[in-house]
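What the coordinates show
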Amino acid sequence: MRVLGIESSCDETAAAVVEDGVRVLSDVVASQHEVHARYGGVVPELASRAHVVNVVPVLRAALERAGTPLEAIDGIAVTNAPGLVGALLVGLQTAKAIAWATGLPIVGVHHLEGHLSAIFLEPEPPPMPHLALIVSGGHTSLVRVNGHGEVLELGATRDDAAGEAFDKGAKLLGLGYPGGVVIDRLARTGDPKAVWFPKAMTSGATGHAMSFSGLKTALLHHVQQHGIPEGQGLADLCASYQAAIVEQLVRKTRRAARREGLQHVQICGGVAANSALRAALQKAGAEDDFRVYVPPPARCTDNAAMIAAAGHHRLARGERAGLELDAVPSAPLPRLA
Ligand code: KG4
Ligand code: ZN
């Protein structure tokens, strides 16, 4: 079964063709980072307009690169929740127009179910059940994955997402958008112990819950007191700030793996591309005896191959959406079981 995936929930317009939920025939992403960079974050109105401009060329490229005409596609999977509603509508309406014109079946995919599915496009995906740490620009949660689409959320951030902590921190330091990649790069030559940041959510009573907004405030206070450093000082500050985010993510993941008795852990979402997080979780896994699975960086950030992979399982189960399928800006991760 060949599934055409379409993703437009935030600032990436993406289309992909995936065969049998595992083989990527094409994976095209048009990023809007340049559009939003000078605002230090995504401007929803500009995102919608850029999706309108990009969606047809991206779709064409995905079908061409896959060597698959529309007639050889068996179903369409489109992100319909959560995200910026104007952005979601562009991909969704395009998908519905294709479904209406061709008669192809269509399913809506929750963006985070997409992120959870990216790892199944790799040669050695984790077995079920496993633990997943979802870390993106809008979400940070720990979930138990019992099967495709069968998830149980164990805990989530109470305030900012980890990606938001990176983006807002970078904005504060005048480093542009998206901030995660810049902080990741600058931190490589910095000393993570140079600047002290508070450890959040250390009490056992906080369970699997996380919190990142205090770190952002601590960074603000540091900058108010000392100004924005340059050169090595900036690298040290980035490394220390990043280390504080990573420390909490790793501590909470370790704890969840132990509590749930799970020996396989995947990380997904844009922040899973972070080199310090990848390294720290691998080290924790070696110490605590769990195996870590991470998609390649380009499949951590938004793409449509992951949406096609998630949609494959829904289509294969016989699920079909009607043409009244709507865009939902905020929706919990759907759970089958
Ligand atoms: O999954 P994603 O592409 O979009 C959402 O679903 O939100 O994640 C985007 C987030 C942004 O906050 C971005 O700064 C962060 O992922 N990110 C990173 C890195 N690459 C992207 N954060 C830390 N280190 C990175 N290398
Ligand atoms: Zn995402």
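It should be emphasised that the depicted structure is a prediction, and the values quoted were computed from it without experimental measurement.

1. Focus on the sheet that holds strand 10 (residues 291-293)
- If you walk across this open sheet you meet the 5 strands as 8-7-6-9-10, and the pairing is mixed. Taken across any chain shown, the strands that pair with only one partner, and hence form the sheet edges, are strand 8 (150-156) and strand 10. Across the sheet, the axes of successive neighbouring strands diverge by a mean angle of 25°, strand direction being ignored.
- When strand 6 (residues 130-135) meets strand 9 (residues 264-268), the two strands line up parallel, connected through 4 bridges. Each bridged residue has a counterpart across the sheet, and for Leu-133 the counterpart in strand 9 is Ile-267.
- Against the sheet, helix 9 (residues 275-288) makes contact with strand 6, strand 9 and strand 10, and its axis sits at roughly 175° relative to strand 9, the strand it touches most.

2. Remarks on the site of ligand 1
- Neighbouring ligand 1 are 21 residues, the closest being His-115, Gly-137, Asp-167, Asp-184 and Asn-274.
- Residue Gly-180 places a main-chain N or O atom 3.1 Å away from an oxygen atom belonging to ligand 1.
- One of the backbone N or O atoms of Asp-302 is found 3.0 Å from an oxygen atom in ligand 1.
- Out of a free accessible area of 560 Å², ligand 1 has 90% covered by protein chains.
- At the level of secondary structure, the elements contributing two or more residues to the shell around ligand 1 comprise helix 4 (111-117), helix 5 (162-172) and helix 6 (179-187).
- The leading source of residues in the shell around ligand 1 is helix 6, at 4 residues.
- Of the residues assigned to the shell around ligand 1, the class counts are 6 nonpolar, 12 polar and 3 charged.
- Looking at which domains feed residues into the shell around ligand 1, each of domain 1 (2-116 + 300-316) and domain 2 (127-294) supplies at least three.

3. Structural notes on the pairing of strand 8
- With 6 bridges joining them, strand 7 (residues 140-147) and strand 8 adopt antiparallel strand pairing. Its bridge partner being in strand 8, Gly-147 is matched across the sheet by Glu-150.
- Linkage of strand 7 to strand 8, two consecutive antiparallel strands, is achieved through a turn of 2 residues, within which Gly-149 is found at a positive phi near 80°.

4. Some details on the sheet that holds strand 5 (residues 106-110)
- Here 5 strands make up an open sheet; going across it, the order is 3-2-1-4-5 and the pairing mixed. Of all the strands in the sheet, the pair left with one neighbour each is strand 3 (23-31) and strand 5. Across the sheet, the axes of successive neighbouring strands diverge by a mean angle of 20°, strand direction being ignored.
- Pairing between strand 2 (residues 12-19) and strand 3: 8 bridges, direction antiparallel. What sits directly across from Val-17, in strand 3, is Ser-26.
- Docked against the sheet, helix 3 (residues 85-102) engages strand 1 (2-7), strand 4 (75-81) and strand 5, running at close to 155° with respect to strand 4.

5. Some thoughts on helix 11 (residues 305-316)
- The end-to-end C-alpha distance of helix 11, which contains 12 residues, comes to 16 Å, matching closely the 16 Å that a straight helix rising 1.5 Å per residue would cover.
- The buried count for helix 11 comes to 10 of 12 residues, which makes it a mostly enclosed element.
- Of the residues one or two after helix 11, Gly-318 is the one with positive phi, at around 90°.

6. Brief notes about the state of the cysteines
- By the definition in use, this model includes 0 disulfides.
- Lacking any disulfide linkage, Cys-10 is separated from the closest cysteine sulfur, that of Cys-268, by 16 Å.
- Here Cys-300 is not cross-linked by a disulfide; its sulfur's nearest cysteine counterpart is in Cys-268, at 8.0 Å.
- On the basis of relative accessibility, which here comes to 0%, the residue Cys-300 falls in the buried class.

7. Some words on the domain arrangement of the chain
- Split by domain assignment, the chain resolves into domain 1 (2-116 + 300-316) and domain 2 (127-294).
- Spacing between the C-alpha centres of domain 1 and domain 2 amounts to 27 Å.
- Contact residues are listed per partner, giving 16 residues for domain 1 and 21 residues for domain 2.
- Note on domain 1 versus domain 2: buried area summed over both sides is about 1,400 Å², and carbon and sulfur give 72% of it.
- Per-residue buried area on domain 1 facing domain 2 is highest for Leu-112, Leu-116 and Cys-300; these three make up 42% of the total on that side.
- For the interface between domain 1 and domain 2, the tally reads 4 residue pairs in polar contact (both at pLDDT 80 or more).
- Elements supplying a minimum of two residues to the side of domain 1 that touches domain 2: helix 1 (33-36) and helix 4.
- Of all the elements, helix 4 adds the most residues to the side of domain 1 that touches domain 2, at 4 residues.
- Of the residues that constitute the side of domain 1 that touches domain 2, the class distribution is 7 nonpolar, 7 polar and 2 charged.

8. Observations concerning the nonpolar core
- Core analysis: the biggest nonpolar cluster contains 44 residues, and Val-135, Ile-245, Leu-249 and Ile-267 have the highest contact counts within it.
- Of all the secondary structure elements, the ones that give two or more residues to this core are strand 6, helix 5, helix 6, helix 7 (213-226), helix 8 (231-260), strand 9 and helix 9.
- Val-135 has contacts with Thr-140, Ala-162, Leu-249, Ile-267, Cys-268, Gly-269, Gly-270, Val-271, Ala-272 and Leu-277, leaving out every residue within four places of it along the chain.
- Core analysis: the next-biggest nonpolar cluster, separate from the first, contains 26 residues, Ile-76, Val-78, Ala-95 and Leu-325 among them.

9. Section: the environment of Cys-10
- Tracing the sequence through the fold places Cys-10 in the loop between strand 1 and strand 2.
- Between the alpha carbons of Cys-10 and Val-181 there is a distance of 17 Å; along the sequence they are 171 residues apart.
- Contacts of Cys-10, omitting those with residues within four sequence positions, involve Gln-32, Val-42, Ala-47, His-51, Leu-84, Ala-87 and Asp-302.

What counts and what doesn't
- The residue numbers shown here count from 1 along each chain, following its written sequence.
- Chains and ligands are labelled by the order in which they are written, letters from A for the one and numbers from 1 for the other.
- Note on the predicted model: pLDDT of at least 70 is required for a residue's local features to be given, and 80 or more for side-chain atom pairs to be given and counted; whole-chain, interface and lining totals, by contrast, use all residues.
- Processing note: side-chain calculations cover all non-hydrogen atoms of the structure and skip hydrogens and water entirely.
- Any two strands with at least two DSSP-identified bridges between them are counted as paired.
- Only DSSP runs of H or I with at least four residues qualify as helices, and only runs of E with at least two residues qualify as strands; both kinds are numbered from the N terminus onward.
- Helix axes are fitted to C-alpha atoms over the stretch in contact, other axes to C-alpha atoms as well, and angles between N-to-C directions run from 0 to 180 degrees.
- The contact criterion used throughout is that any non-hydrogen atoms of two residues lie within 4.5 Å.
- If a single non-hydrogen atom of a residue is within 4 Å of a molecule or strand, that residue counts as near it.
- Here a polar contact means two N or O atoms within 3.5 Å. Within protein one must be a hydrogen donor candidate and the other an acceptor candidate, and residues neighboring in sequence count only if both atoms are side-chain atoms.
- Here the open area of atoms and residues is found with the Shrake-Rupley method and a 1.4 Å probe, where only the protein chains shown may cover a residue.
- Only Asp, Glu, Lys and Arg are considered charged, only Ala, Val, Leu, Ile, Met, Phe, Trp, Tyr, Cys and Pro nonpolar, and every remaining residue, Gly among them, polar.
- These domain boundaries are the output of an automatic or database domain assignment.
- Multiplying 1.5 Å by the residue count of a helix minus one yields the expected span of that helix.
- Only protein chains enter the accessibility calculation, which uses a 1.4 Å probe; a residue whose area is less than 20% of its type maximum is buried, one above 50% is exposed, and one in between is partly exposed.
- In this description, a disulfide is simply a cysteine sulfur pair whose atoms lie within 2.5 Å.
- By buried area we mean the combined loss of accessible area, with a 1.4 Å probe, across both parts when two parts are placed together.
- Among buried residues, those of type Ala, Val, Leu, Ile, Met, Phe, Trp, Tyr and Cys that are joined through side-chain atoms within 4.5 Å constitute a nonpolar core.

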